[in-house]
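Letter by letter, the chains look like this.
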Amino acid sequence: MAAPARQVAKQALDKNSFLYKFKKWCYNKSYFRELGLRRDDVIIEGVYAPAVKEALRRIPKEELDARNFRIMRAQQLSMMKTVLPKEEWTQYEDDVAYLQPYIDEVIREWEERKEWDSA
């Protein structure tokens, strides 16, 4: 079971709440949105590397192509030491998780397989 703080973080937030405003402020201070990237584009593989690779294999081809385009464009912009025009920046409200549900599904499957193997 997830920690209580994580459960609260996943709940839909009221747009007038302090937590929503703080999350939006942190999001707006991040650099990746100026490059047109989304939150799931910058997931650090680290411990979840195999899960991320499997999730990337499972997402629809159109979403994978869009992700690759955003990453390549961000690399080009970073190399040129510039950012996108402000109207093309990723907005907090438009940035929905497209990869995280697949990562969670992969991890749940691995945990279930581990449980079945140990029984």
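Our subject is the structure that appears above.
Residues numbered from 1 in each chain as written. Predicted model: local features only at pLDDT ≥ 70, side-chain atom pairs only at ≥ 80, totals over all residues. Heavy atoms only, no water.

**Q** Even after reading the chapter, I still don't get the overall build of the protein chain, so can you show me in this structure?
**A** Secondary structure assignment for the protein chain yields five helices and zero strands. Counted from the first residue to the last, the protein chain has its helices and strands arranged as α-α-α-α-α. Burial statistics for the protein chain: of 119 residues in total, 27% are counted as buried. Sequence separation of at least 24 residues holds for 77% of the intrachain contacts in the protein chain that already meet a minimum separation of 6. Accessible surface, the protein chain: about 8,900 Å² in total, of which carbon and sulfur atoms supply 58%. (Helix = DSSP H or I, 4+ residues; strand = E, 2+ residues; numbered from the N terminus. Buried < 20%, exposed > 50% of the residue type's maximum accessible area, 1.4 Å probe, protein only. Contact = heavy atoms within 4.5 Å. Areas by Shrake-Rupley, 256 points an atom, 1.4 Å probe, with all protein chains shown as cover.)

**Q** Sorry, what's going on with the pattern of salt bridges here?
**A** Pairing between side chains becomes possible if they bear opposite charge and their charged atoms approach one another. By the definition in use, this model includes twelve salt bridges. Across the pair Arg58 and Glu109 runs a salt bridge whose closest N-O atoms are separated by 2.7 Å. Here the residue Arg58 occupies a position in helix 3 (residues 49-58), and Glu109 occupies one in helix 5 (residues 100-118), the gap between them amounting to 51 residues. Look at Arg58 and you get partly exposed, because its relative accessible area is 27%. Judged by its relative accessible area of 28%, Glu109 is partly exposed. Residues joined by salt bridges that share partners form a network here, namely Arg38, Arg39, Asp41, Glu63, Arg67, Arg70 and Asp95. (Salt bridge = Lys/Arg side-chain N within 4 Å of Asp/Glu carboxyl O.)

**Q** Hey, could you run me through the nonpolar core in this one?
**A** Generally speaking, nonpolar side chains in soluble globular proteins are found buried as a group. In this structure, Tyr20, Tyr27, Phe32, Leu35, Leu37, Ala74, Leu77, Leu84, Trp89 and Tyr92 together form the largest nonpolar core, which totals ten residues. Elements with a contribution of two residues or more to this core: helix 2 (18-29) and helix 4 (61-79). Beyond its immediate stretch of four places on either side in the chain, Tyr20 contacts Leu13, Asp14, Lys15, Tyr92 and Glu93. (Core = buried A, V, L, I, M, F, W, Y, C linked by side-chain atoms within 4.5 Å.)

**Q** Just checking my understanding: could you explain the packing of aromatic side chains for this structure?
**A** Aromatic rings in a pair are described by how distant their centres are and how their planes are angled relative to each other. Under the defined criterion, the tally for this structure stands at five aromatic pairs. Relative to Phe22, the ring of Phe18 has its centre 6.2 Å away and its plane inclined at 20°; by these criteria the two rings are stacked. With Phe18 and Phe22 both in helix 2 and four residues apart, the pair spans about one turn of that helix. Residue classification places Phe18 among the exposed residues on the basis of a relative accessible area of 69%. Ring geometry for Phe22 and Trp25: centres 6.2 Å apart, planes at 25°, overall stacked. Of this pair, Phe22 and Trp25 are both found in helix 2, three residues apart, which corresponds to roughly one turn of the helix. The exposure class assigned to Phe22 is partly exposed, which follows from its relative accessible area of 42%. (Phe/Tyr/Trp six-rings, centres within 6.5 Å; stacked < 30°, edge-to-face > 60°.)

**Q** Even after reading the chapter, I still don't get unusual backbone geometry, so can you show me in this structure?
**A** Excluding glycine, residues mostly carry a negative phi; peptide bonds, for their part, are mostly trans. At Lys81, a residue that is not glycine, the phi angle is positive and equals roughly 55°. With respect to the secondary-structure elements, Lys81 resides in the loop between helix 4 and helix 5.

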